[in-house]
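For reference, the chains in residue letters:
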Amino acid sequence: MSVVFDLRNAIFATFAFYSVVLVLKMFVVSIITGQLRLRNKAFLNPEDADRHGGRELVRSHPDVDRAVRAHNNALANIVPFIVIGFFYVLSSPSLTSALWHFRVFTAARIVHTVAYLGALKAPARSLSYTVGLVVSISMAVQVVLATI
């Protein structure tokens, strides 16, 4: 009997890989948000504004707001994916099924981020969101079915 949460387990290793890719993607969006704040001199906190020119810089900017919304959307979708994914790995899916779920979700979230930050025309963002959501729901349903 193999240990499920072991990187020698191909399903868990694949899950770990794609989960880390998604977290790194969120780090990139955080860095982009910070750079947009600096470039547009739009700070959330007075101490940050003071350091970069004065309290009048405590303000919003459409580009910064867009990046923040992209990051919040990622949090609202990637965290549940990772939680559901742990239980999905425990449900002993086939490697092929797991690979498809993890790859499609990751691709959908990357497309979603590009669509959000790039302000791409509809329906790119909503389609990529929907694809990712369907993957998470599929995994969740499989977990529920494995437990009954």
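Everything below is about the structure shown above.
Conventions adopted
Residues numbered from 1 in each chain as written. Predicted model: local features only at pLDDT ≥ 70, side-chain atom pairs only at ≥ 80, totals over all residues. Heavy atoms only, no water. Helix = DSSP H or I, 4+ residues; strand = E, 2+ residues; numbered from the N terminus. Rg over C-alpha atoms; globule rule 2.2 N^0.38 Å. Buried < 20%, exposed > 50% of the residue type's maximum accessible area, 1.4 Å probe, protein only. Lys, Arg positive; Asp, Glu negative; His and termini not counted. Charge placed at Lys NZ, Arg CZ, Asp CG, Glu CD. Axes fitted to C-alpha atoms, helices over the stretch in contact; angles between N-to-C directions. Parallel < 35°, antiparallel > 145°, perpendicular 65-115°, else oblique. Contact = heavy atoms within 4.5 Å. Expected span 1.5 Å × (residues − 1). Patch = residues over 30% accessible without salt bridge, like charges linked within 9 Å, V, L, I, M, F, W, Y side chains within 5 Å. Areas by Shrake-Rupley, 256 points an atom, 1.4 Å probe, with all protein chains shown as cover. Salt bridge = Lys/Arg side-chain N within 4 Å of Asp/Glu carboxyl O. Polar contact = N/O pair within 3.5 Å; in protein donor to acceptor, adjacent residues only side chain to side chain.

Caption draft 1: The overall build of the protein chain, seen in detail. Along its length, the protein chain carries 5 helices and 0 strands. For the protein chain, the succession of helices and strands along the chain, N to C, is α-α-α-α-α. The globule rule puts the C-alpha radius of gyration for 148 residues at 15 Å, and the 19 Å found for the protein chain is more than 25% above it. In terms of overall dimensions, the protein chain has a C-alpha envelope of 60 × 35 × 25 Å along the principal axes. Split into buried and exposed, the 148 residues of the protein chain put 36% on the buried side. If the 14 positive side-chain charges of the protein chain are averaged to one point and the 7 negative ones to another, these points end up 10 Å apart.

Caption draft 2: Here's a closer look at the packing of helix α3 (residues 62–90) against helix α4 (residues 95–117). Between α3 and α4, whose axes approach to 10 Å, the crossing angle comes to 175°. Taken together, the axes of α3 and α4 are roughly antiparallel relative to one another. Residues R66, A67, R69, A70, N73, A74, N77, I78, F81, Y88 and V89 of α3 touch α4, and the partners they reach there are S97, A98, H101, F102, F105, R109, H112, Y116 and L117.

Caption draft 3: Representation of α3 within the structure. Taking 1.5 Å per residue as the helical rise, α3 with its 29 residues ought to reach 42 Å, and the 42 Å between its terminal C-alpha atoms agrees with that figure. Taken together, the buried positions of α3 are occupied by V64, A67, A70, H71, A74, N77, I78, F81, I82, G85, Y88 and V89. On its buried side, α3 packs onto α1 (10–40), α4 and α5 (124–147). Looking at the residues trailing α3, positive phi occurs at S92, about 60°.

Caption draft 4: A nonpolar patch on the surface, seen in detail. Residues F5, L75, V79, V83, F86, F87 and L90 make up a contiguous nonpolar surface patch of roughly 600 Å² in combined accessible area. Note on F5: relative accessible area 39%, which makes it partly exposed.

Caption draft 5: Representation of α1. With 31 residues, α1 extends 45 Å between its outermost C-alpha atoms, agreeing within 8% with the 45 Å of an ideal straight helix rising 1.5 Å per residue. Two or three places before I11, at the start of α1, stands the capping residue N9, its side-chain oxygen 2.9 Å from that residue's backbone nitrogen. Positive backbone phi, at 50°, marks K41, one or two positions downstream of α1.

Caption draft 6: Spotlight on unusual backbone geometry. In this structure, the amide linkage connecting A122 to the following residue, P123, adopts the cis form with an omega of 10°. Relative to the helices and strands, P123 resides in the loop between α4 and α5. For K41, which is not a glycine, the phi torsion comes out positive at approximately 50°. With respect to the secondary-structure elements, K41 resides in the loop between α1 and α2 (46–51).

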